[in-house]
Amino acid sequence: MPIGYVECKDIGKNLDEVLETEQLKRYLKSFQNLLVTDYLEFRWYVGGKLRLRETIGALVKDKVNRILII
């Protein structure tokens, strides 16, 4: 019996935009326990409502335009 569902998006993807898609709107209505992540930010929804939001890193560019995770 599943206890929850996880939707993983590409690293650095804007989760605010992701949550506006029809797919995620359906998931929020259908799944009682849903975790949405881009691997750096995690949002946990219970009953379609945000319960917890945590960020463990960020994408930044250094002086030579390399993308780093900090």
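To be clear, the structure that these remarks concern was listed above.
Every value quoted in this text rests on a predicted model; they were computed, and no experiment measured them.

Concerning the overall build of the chain
Turning to step 1, where the next piece is worked out: Secondary structure assignment for the chain yields two helices and six strands.
Turning to step 2, where the next piece is worked out: Listing every helix and strand of the chain by position from the N terminus yields β-α-α-β-β-β-β-β.
Turning to step 3, where the next piece is worked out: Here the C-alpha atoms of the chain give a radius of gyration of 14 Å, more than 25% beyond the 11 Å that 2.2 N^0.38 yields for 70 residues.
Turning to step 4, where the next piece is worked out: Within the chain, the fraction of its 70 residues that count as buried is 24%.
Turning to step 5, where the next piece is worked out: For the chain, the computed accessible surface area is about 5,400 Å², with 55% contributed by carbon and sulfur atoms.
Turning to step 6, where the next piece is worked out: Each charge class in the chain can be summarised by its mean position, and for the 12 positive and 10 negative side chains these summaries are 2 Å apart.

Focus on the pattern of salt bridges
Turning to step 1, where the next piece is worked out: A complete count under the given rule lists four salt bridges for this structure.
Turning to step 2, where the next piece is worked out: Two residues, Glu 41 and Arg 43, come together in a salt bridge whose shortest N-O distance is 2.7 Å. Judged on exposure class, the residue Glu 41 and its partner Arg 43 are both buried.
Turning to step 3, where the next piece is worked out: Two residues, Glu 41 and Arg 53, come together in a salt bridge whose shortest N-O distance is 2.9 Å. Note that Glu 41 is positioned in strand E3 (residues 41–46) and Arg 53 in strand E4 (residues 49–55), a separation of 12 residues in sequence.
Turning to step 4, where the next piece is worked out: Arg 53 sits in the partly exposed class, given a relative accessible area of 45%.

Some details on the nonpolar core
One broad rule of soluble globular proteins: the nonpolar side chains tend to lie buried together.
Turning to step 1, where the next piece is worked out: In this structure, Leu 15, Val 18, Leu 19, Leu 24, Leu 28, Leu 34, Val 36 and Tyr 45 together form the largest nonpolar core, which totals eight residues.
Turning to step 2, where the next piece is worked out: For this core, the secondary-structure elements that each account for two or more residues are helix H1 (15–18), helix H2 (22–30) and strand E2 (33–37).
Turning to step 3, where the next piece is worked out: Contacts of Val 18, omitting those with residues within four sequence positions, involve Lys 9, Lys 13 and Leu 24.

Things to note about the packing of aromatic side chains
Turning to step 1, where the next piece is worked out: Counted under the stated rule, the structure contains two aromatic pairs.
Turning to step 2, where the next piece is worked out: Seen in terms of ring centroids, Tyr 5 and Phe 31 are 4.0 Å apart; in terms of plane orientation they differ by 20 degrees. Their pairing is stacked. Taken together, the residues span a long stretch of sequence, with Tyr 5 in strand E1 (residues 5–8) and Phe 31 in the loop between H2 and E2 at a distance of 26 residues.
Turning to step 3, where the next piece is worked out: Ring centres of Tyr 27 and Phe 31 lie 5.2 Å apart, and the angle between their planes is 40 degrees; this geometry places the pair in the tilted category.
Turning to step 4, where the next piece is worked out: Taking relative accessible area as the criterion, Tyr 27 reaches 22% and is therefore assigned partly exposed.

So, how was this worked out
- Residues numbered from 1 in each chain as written.
- Predicted model: local features only at pLDDT ≥ 70, side-chain atom pairs only at ≥ 80, totals over all residues.
- Heavy atoms only, no water.
- Helix = DSSP H or I, 4+ residues; strand = E, 2+ residues; numbered from the N terminus.
- Rg over C-alpha atoms; globule rule 2.2 N^0.38 Å.
- Buried < 20%, exposed > 50% of the residue type's maximum accessible area, 1.4 Å probe, protein only.
- Areas by Shrake-Rupley, 256 points an atom, 1.4 Å probe, with all protein chains shown as cover.
- Lys, Arg positive; Asp, Glu negative; His and termini not counted.
- Charge placed at Lys NZ, Arg CZ, Asp CG, Glu CD.
- Salt bridge = Lys/Arg side-chain N within 4 Å of Asp/Glu carboxyl O.
- Core = buried A, V, L, I, M, F, W, Y, C linked by side-chain atoms within 4.5 Å.
- Contact = heavy atoms within 4.5 Å.
- Phe/Tyr/Trp six-rings, centres within 6.5 Å; stacked < 30°, edge-to-face > 60°.

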